[in-house]
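# Topology and contacts: notes
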Protein chains: 2
Amino acid sequence: MGWQDYLDREQERFVAELKDFVRIPSVSAKPENIPDVMRAAEWVRDRLTAAGAEHAEVLPTAGHPVVCADWLHAGADKPTILIYGHFDVQPAEPFELWSSPPFEPEVRDGKLWGRGASDDKGGMFIPILAAEAMLKTSGRLPVNVRFFFEGQEEIGSPDLPPFVAANTDRLTADMIFSSDGLQWAPGMPQLVLGLKGLVSLEIILRGPRGDQHSGLYGGGIANPAMALAQVLASLKSTDGTITVEGFYDDVIPLSDADRAAIARVPYDEAEFLAETGAPAPFGEPGYTTRERLWARPTLDVNGLTSGWQGAGTKTVHPAEARAKITCRLVAAQSPEKIFEAIRAHVEAHLPPGVTAEVARLPGRADPFLVPAGHNASATAAAVLEEVYGTAPFQTRVGGSIPVMTTLLDTLGVHAVMFGFSHGDENLHAPDEFFRLDAFRTGQTAYCRLMERLGSG
Amino acid sequence: MGWQDYLDREQERFVAELKDFVRIPSVSAKPENIPDVMRAAEWVRDRLTAAGAEHAEVLPTAGHPVVCADWLHAGADKPTILIYGHFDVQPAEPFELWSSPPFEPEVRDGKLWGRGASDDKGGMFIPILAAEAMLKTSGRLPVNVRFFFEGQEEIGSPDLPPFVAANTDRLTADMIFSSDGLQWAPGMPQLVLGLKGLVSLEIILRGPRGDQHSGLYGGGIANPAMALAQVLASLKSTDGTITVEGFYDDVIPLSDADRAAIARVPYDEAEFLAETGAPAPFGEPGYTTRERLWARPTLDVNGLTSGWQGAGTKTVHPAEARAKITCRLVAAQSPEKIFEAIRAHVEAHLPPGVTAEVARLPGRADPFLVPAGHNASATAAAVLEEVYGTAPFQTRVGGSIPVMTTLLDTLGVHAVMFGFSHGDENLHAPDEFFRLDAFRTGQTAYCRLMERLGSG
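What you are looking at is a predicted structure, and each value in this text was computed from that prediction instead of being measured.

Mapping chain A onto chain B is achieved by rotating through 180° and translating by 0.0 Å along the same axis, at an RMSD of 0.1 Å. Taken together, the rotation and translation describe the operation of a two-fold axis. Closest to the rotation axis within chain A is the C-alpha of A:A229, separated from it by 2.0 Å. Taken together, the interface assignments show that 100% of the residues at the interface of chain A recur at the interface of chain B, consistent with an identical surface on both copies.

Before going further, it helps to spend a moment on the interface of chain A and chain B. Of the residues lining the interface, 69 residues belong to chain A; the matching set on chain B comes to 69 residues. Of all the secondary-structure elements, those providing two or more residues to the side of chain A that touches chain B are α6 (214-217), α7 (224-235), α10 (289-295), β12 (298-307), β13 (316-317), β14 (320-329) and β15 (355-365) of chain A. At 9 residues, the largest contribution of residues to the side of chain A that touches chain B is made by β12(A). Here 5 bridges tie β12(A) to strand β12 (residues 298-307) of chain B, and the two strands are oriented antiparallel to one another. For A:S306, the partnering residue across the bridge sits in β12(B) and is B:L304.

Take helix α7 (residues 224-235) of chain B next. The end-to-end C-alpha distance of α7(B) is 17 Å, a good match for the 16 Å that 12 residues give at a rise of 1.5 Å each. Counting buried residues along α7(B), 12 of its 12 residues qualify, which places the element largely inside the surrounding structure. Those residues of α7(B) that are buried lie in contact with α7 and β12 of chain A together with β10 (197-206), β12, β14 (320-329) and α11 (335-348) of chain B.

Our next topic: the sheet that holds strand β2 (residues 66-71) of chain B. Residue and element names in this part refer to chain B. Spatially, 6 strands are ordered β1-β2-β6-β3-β7-β18 in an open sheet, and the strand pairing comes out mixed. Either end of the sheet is taken by a strand with one partner, and the two such strands are β1 (54-59) and β18 (415-417). On average, each strand axis in the sheet is inclined to that of its neighbour by 20°, with strand direction left out of account. Along the sheet, helix α2 (residues 34-51) makes contact with β1, β2 and β6 (144-150), crossing β1 at roughly 180°.

It is worth spelling out the environment of A:P142 at this point. Residues and elements named next belong to chain A. Mapped onto the fold, P142 is located in the loop between α3 (117-138) and β6 (144-150). By the C-beta count within 10 Å, which is 21 here, P142 ends up buried. Separated by 62 residues in the primary sequence, P142 and I204 have C-alpha atoms spaced 57 Å apart. Leave out the neighbours within four places in its chain, and P142 touches A74, K78, M450, E451, L453, G454 and S455.

Attention now moves to unusual backbone geometry. For the bond running from A:D119 to A:D120, omega is 5°, close enough to zero to count as cis. Checked against the element boundaries, A:D120 lands in helix α3. The amide bond that connects B:A331 to the next residue, B:A332, takes the cis arrangement and shows omega of 5°. With respect to the helices and strands, B:A332 occurs in the loop between β14 and α11. A positive phi angle, near 55°, is found at A:N426, a position not held by glycine. With respect to the helices and strands, the residue A:N426 is situated in the loop between β19 (421-422) and β20 (433-435). Of note, B:D109 is a non-glycine position whose phi angle comes to about 55°, a positive value. When you line up the elements, B:D109 lands in the loop between β4 (106-108) and β5 (111-113).

Residue and element names in this part refer to chain B. Taken in spatial order, the 3 strands make up an open sheet running β16-β9-β17, and their pairing is mixed. The sheet is open, and its two edges are formed by β16 (368-369) and β17 (393-397), each paired on a single side. Note: strand β9 (residues 190-195) against β17, 5 bridges, orientation parallel. By the bridge assignment for β17, V192 is matched with T395.

In this section: the confidence of the model for chain A. Chain-level statistics for chain A give a pLDDT mean of 95 and a share of 100% at 70 or above. In the predicted complex, the global pTM is 0.86; the interface-specific ipTM is 0.86.

Residue and element names in this part refer to chain A. Taken N-terminus to C-terminus, the directions of helix α2 (residues 34-51) and α3 make an angle of 25°; their axes are 8 Å apart at the nearest point. On the basis of the axis angle, α2 is roughly parallel to α3. Across the interface between the two elements, R47, L48 and A51 from α2 touch I128, A131, E132 and L135 from α3. Of the residues assigned to the contact of α2 with α3, the class counts are 5 nonpolar, no polar and 2 charged.

Residue and element names in this part refer to chain A. For chain A, the assigned domains read domain 1 (3-195 + 367-454) and domain 2 (197-251 + 297-364). Each side of the interface is counted separately: domain 1 has 5 residues, and domain 2 has 7 residues. Residue composition of the side of domain 1 that touches domain 2, by class: 2 nonpolar, 3 polar and no charged.

Core analysis: the largest hydrophobic core is formed by 84 residues, its most contacted members being A:L228, A:A229, A:L232, B:L228, B:A229 and B:L232. With residues near it in sequence (within four places) discarded, A:L232 still touches A:V301, A:A323, B:M226 and B:A229.

Here we take up the pairing of β12(B). Residues and elements named next belong to chain B. Burial analysis of β12 places 10 of its 10 residues in the buried class, which makes it a mostly covered element. Inspection of the sheet shows β12 paired to β14 by 8 bridges, in the antiparallel sense. Within the sheet, the bridge partner assigned to L299 lies in β14 and is C327.

Right, let's get into the pairing of strand β1 (residues 54-59) of chain A. Residues and elements named next belong to chain A. Sheet analysis places β1 next to strand β2 (residues 66-71), joined by 4 bridges and oriented antiparallel. Of the residues in β2, the one forming a bridge with V58 is V67. The loop that links β1 with its antiparallel partner β2 comprises 6 residues.

Here we come to the packing of α3(A) against helix α14 (residues 436-454) of chain A. Residue and element names in this part refer to chain A. Interaxial distance between α3 and α14 falls to 8 Å at its minimum, and their mutual angle equals 55°. It follows that α3 is oblique to α14 by the angle criterion. Here α3 and α14 pass one another in a crossing that is right-handed. Of the residues in α14, those touching α3 at G122, I126, P127, L129, A130, A133 and M134 are F439, G442, Q443, Y446, C447 and M450. Among the residues forming the contact of α3 with α14, the class breakdown is 10 nonpolar, 3 polar and no charged.

Rules used in this analysis
The numbers attached to residues start from 1 for each chain and follow its sequence in the written order. Written order decides the labels, with chains lettered from A and ligands numbered from 1. In keeping with the model being predicted, local features are shown solely for residues with a pLDDT of at least 70 and side-chain atom pairs are shown and tallied solely at 80 or more, while totals for entire chains, interfaces and linings include all residues. Residues below a pLDDT of 70 in either copy are left out; the C-alpha atoms of the rest, at least 70 in both, set the least-squares superposition of the copies. Throughout, a pair of residues is in contact if the C-beta atoms placed from their backbones lie within 7 Å. Where helices and strands are cited, they refer to DSSP runs of H or I of at least four residues and of E of at least two residues respectively, numbered from the N terminus. Strand pairing is assigned whenever DSSP detects at least two bridges linking the two strands. The span you would expect from a helix comes to 1.5 Å times its residue count less one. Three classes are used. A residue is buried when 20 or more other C-beta atoms lie within 10 Å of its own, exposed when 12 or fewer do, and partly exposed in between, with C-beta atoms placed from the backbone. Here the axes come from fitting lines to C-alpha atoms, over the contacting stretch only for helices, and the angles between their N-to-C directions go from 0 to 180 degrees. Each residue gets a pLDDT score, which is the predictor's confidence in that residue and runs from 0 to 100. Orientation is classified from the angle alone, with under 35 degrees giving roughly parallel, over 145 giving roughly antiparallel, 65 to 115 giving roughly perpendicular, and any other angle giving oblique. When residues are grouped by polarity, Ala, Val, Leu, Ile, Met, Phe, Trp, Tyr, Cys and Pro land in nonpolar, Asp, Glu, Lys and Arg in charged, and all others, Gly among them, in polar. An automatic or database domain assignment supplies the residue ranges for each domain. A set of buried Ala, Val, Leu, Ile, Met, Phe, Trp, Tyr and Cys residues, joined to one another through C-beta atoms within 7 Å, is what we call a nonpolar core. Handedness of a crossing follows from how the near helix is turned relative to the far one, being left-handed for an anticlockwise turn of less than a right angle and right-handed for a clockwise one.

Shown next, in the form of structure tokens:
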């Protein structure tokens, strides 16, 4: 029996096991669920062992644990791949908005409903099952495989960088595949080539000691709220160009090929506007909306705070004004250099009569861009085309996934997102679900991926 | 016996009566004190009658009452003056910060301590006592006098405009004097020639329907917080000049005489900065700080609200951003014209991708400027010079007193502030006090004022 038949035969059991997995409320954000995250880790460890993986272990970090395992008998001439995923889940609140309880998974309409079904329990279970199918039918895998599953992705993986740095011997690999990832749409595969980086900061302008009477002092001293507006306006022109000196210096320009690949991806502007309710698209001139979203850096004000914010009028002259800012960065921008550029810009453009503080805030990621011709990506693309019958779109993501850059920084390997969830599966919302046909497709895809990589 | 001797002889009783008056907690802002405001009105009515005034009456409004009285037997060739004041007081909270209870007045160090002692119970009692002294000693007053005391000044006199409009027969006068007013400092009189007007508004910019993920949508749609910053920055240049088209059109320029009068008033920049804690003075070029504070219009942001305002970072793209704005206006600017100018300016300078709403807020006053050579002011100045032994400073105030413009609009008469409180008397704060020597000086000043006006 080949792995295909094994997968077909065992599929019902796999779904039942995935339901067991989803039943564990491994919410990493909530202290009361710490034992559940540990239970999920133990479930993963045991399931890896049952699949035929070796050295399956729950390993401690300063926070939630990690599970590692491997199967390294393919031979020294075969590549070693690292498969990443996470067994923690988002909080399920508000419970009352769920059609069925989040931790009592149900199958309806060919979908498994429950918190974490799609993100990422279903996703991370796929490569375990693919390995099991091959190990149980042929006794071996075509490549050397390491498994690396974590329990703190949904809280930003705070303990992962030191863990990865201290465990490179367990993690070193020629290629990395993340089971935590999305396909473009049912039947439409994608290969995510880029993620944006992130830098977070706050600009605080201060004037008088406390809020002052606008009649007694207005006009005689500088108003920090107005000064903040002037400083912010100096960061970005009204046409959408960021005007911070040096901001674009390190941006890798989009090639014609990049732009053509982006243009191939379906884009419906009316749908884009309907999603947000914005009156019109808007952004940096010279780029399409999608290019701006995926491949151009941004500078966004996340929040403004100053003075009187209640109902009606209060004739105060505020003591201070604050703006929270995040920049989404693209390769090869550095969060530290961009912060420094903004800090220097604010200092250079500060109106008289106020003092400025520009402070880093938590929230940092390097941009991530798969190099052109990257081997693992090319293989993943070939597998997706084979399995779906259509070549994957080459896409990018405006968001940041810090673990991708942690792995790149420490192991020197660009991870390939090879996951089978979809953006419409209510990933961080009530009624999360996972498509069971994608669950099955993913298992085939991981088997073919290992075959292709092993036959190279 | 002349009025001077009468005042000397009765002073102790007057202070005791003022204490009775202060004992009534006539806090107009608090519903539970509605009966106390009425009690204060009745106290004033009875005290006016006791002083010899006629037709003393408590008159209803839609809110707290008004007290009117008159003495109109000076003859048709003598001017009629209207004396204004208020018997309601600010809330006294926080009680624990008072050295003695706010409604249990005490005399210490030649001062009467208690809520309302200075603002305006002590102030409004002065002209009543001056009239009593003259009526009890000579049986007459040198001028015709109307008294007009209200019970809602501390909540913005909402019911006063309709009351004044409906009662012009009771209020019509050749001159108006307000007992609610300040002298510059002990021993240093002032004549307030100008008050600023006020217009209040809010600018609300809207983008997407709700807050959006800055990674998924940043760069693709306009950010209302950044757009608001750009709009606000377009209202005022970084040198302090207001750049709203037409903003300064109706401003009456300062004459050389105006500037000289302002320059004569003591000004200590270090003290000004120490009061506010601002790092430096700042404002419209071409004017001194005091000219800006007193005689130039302002545009101040009172508050900013948008998106995430909590601790740390939230990578949101805000749905909307709001700025509250007040402009302090000078003669002959109109709140309505200025609002319209700002509304049109925002519309003309709105960056793409957002919608704008510019809304009036409550809080409106016309600017007030006593015309040069104004008769009542000249007489008041002469009396102050006589009583204090030094000519009054000619000052202006950055704040607004709506009742002054209500009286001007309805009766066509510029009121003269002729009050004897001082800015350091904790007017709206714990430990309010009134200087008893100023209480006595004020009585003499009102008698001399009436004499001068009657001998003209």
